[in-house]
Every structure is written in structure tokens, then in C-alpha cells.
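# Coordinate inspection notes
So the chains spell out like this:
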Amino acid sequence: MRAIHLPRTREERRYRRHLRVRKKVTGTPERPRLVVFRSIKHVYAQLVDDDKGATLLGVSDDSEGLVLDGKGKVARAKATGKLLAARATAFTRPW
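Note that the structure is a prediction, hence the values are computed from the model and not measured.

Regarding its fold elements, the protein chain presents two helices and three strands. Taken from N to C terminus, the helices and strands of the protein chain fall in the order α-β-β-β-α. Taking 12 Å as the expected radius of gyration for a compact globule of 95 residues, we find that the protein chain reaches 16 Å, considerably beyond that expectation. Dimensions of the protein chain, computed from the C-alpha atoms along their principal axes, are close to 50 × 35 × 15 Å. Across the 95 residues that make up the protein chain, the buried fraction comes to 22%. Charge centroids of the protein chain, computed over 23 positive and 10 negative side chains, lie 9 Å from each other.

Moving on: helix α2 (residues 73–90). Its 18 residues place the ends of α2 26 Å apart at the C-alpha level, agreeing with the 26 Å of an ideal helix rising 1.5 Å per residue. Here α2 has its buried residues at A75, A79, T80, L83, L84 and A88. Those residues of α2 that are buried lie in contact with β1 (33–38), β2 (43–49) and β3 (54–60).

Right, let's get into the pairing of β2. By the criterion of burial, β2 is predominantly enclosed, with five of the seven residues buried. Pairing of β1 with β2, which is carried by six bridges, proceeds in the antiparallel orientation. Paired with L34 across the two strands is L47, which belongs to β2. Counting the residues in the hairpin turn of β2 and β3 gives four residues, including G53, whose phi is positive at 75°.

Once that is clear, we can look at the nonpolar core. The biggest cluster of nonpolar side chains holds nine residues, and these are A45, L47, L57, V59, L66, A79, L83, L84 and A88. Elements with a contribution of two residues or more to this core: β2, β3 and α2. Sorting elements by how many residues they give to this core places α2 first, with four residues. Leaving out residues up to four positions away in the same chain, A45 has contacts with L34, V35, V36, L57, G58, V59 and L84.

For the protein chain, mean pLDDT is 87; residues scoring 70 or higher make up 92% of the total. Across the protein chain, the secondary-structure element scoring lowest on mean pLDDT is helix α1 (residues 10–24), at 90, and the one scoring highest is β2, at 93.

With that out of the way, let us pick up the sheet that holds β3. The strands making up a sheet associate through backbone hydrogen bonding, with each pair oriented either parallel or antiparallel. Judged by pairing direction, the sheet is antiparallel, and its three strands sit side by side in the order β1-β2-β3 without closing on themselves. Strands with a single pairing partner mark the edges of an open sheet, and in this sheet they are β1 and β3. Adjacent strand axes in the sheet meet at a mean angle of 20° when their direction is disregarded. This element, α2, spans β1, β2 and β3 of the sheet and lies at about 140° to β3.

Definitions and cut-offs
Residues numbered from 1 in each chain as written. Predicted model: local features only at pLDDT ≥ 70, side-chain atom pairs only at ≥ 80, totals over all residues. Heavy atoms only, no water. Helix = DSSP H or I, 4+ residues; strand = E, 2+ residues; numbered from the N terminus. Rg over C-alpha atoms; globule rule 2.2 N^0.38 Å. Buried < 20%, exposed > 50% of the residue type's maximum accessible area, 1.4 Å probe, protein only. Lys, Arg positive; Asp, Glu negative; His and termini not counted. Charge placed at Lys NZ, Arg CZ, Asp CG, Glu CD. Expected span 1.5 Å × (residues − 1). Contact = heavy atoms within 4.5 Å. Pairing = 2+ DSSP bridges. Core = buried A, V, L, I, M, F, W, Y, C linked by side-chain atoms within 4.5 Å. pLDDT = per-residue confidence, 0-100. Axes fitted to C-alpha atoms, helices over the stretch in contact; angles between N-to-C directions.

Structure, rendered in C-alpha cells:
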């Protein structure tokens, strides 16, 4: 059977995808959920504990300590992921 109201805009389709994924994926204190948001200009990444409902760690491509290996958005995204991994492993389980 066909849905009555199909999502029309890009935002509505993104929100539907978000809800579909969030039904299945949850973050725990032992294994936090990784959230990545990519806008046209920037990349943001967070580690989230859904039990507490808190963001444990967040970085973006304009954060302090970002080391770029090249030019462009791909290099900024890779550097953001490396910075998030370095900061996450630097802690001895703060969550």
C-alpha cells in the first residue's frame, strides 16, 4: 500500500532517513554513537551517549588542533575524523 503523504523536500527525506536509522542504532557508555553532519562548507562529528542523552565529545573542521594533509573538503573531513579519534582515545573512559 502506498503512503498517503510522501516526503517531498530534501529536508523531509533526510529526516525520514534519520528516524529509520535511529530506530536501530543507540549509543551506550561503553560504545557511544558516532554522529556526522556534513553541510556544504563544514563537517561536524560527535560521540553521543543515548542512555544519558548527552554529547560526550564533538569536533568540527574548524576546531583547535586540526592538522590538514592537503586542500579541499575531503582533507578537512579526514582531519576531522582523525582529530575525533585522537581525542576519544586520549581519554581513559570519561563516559
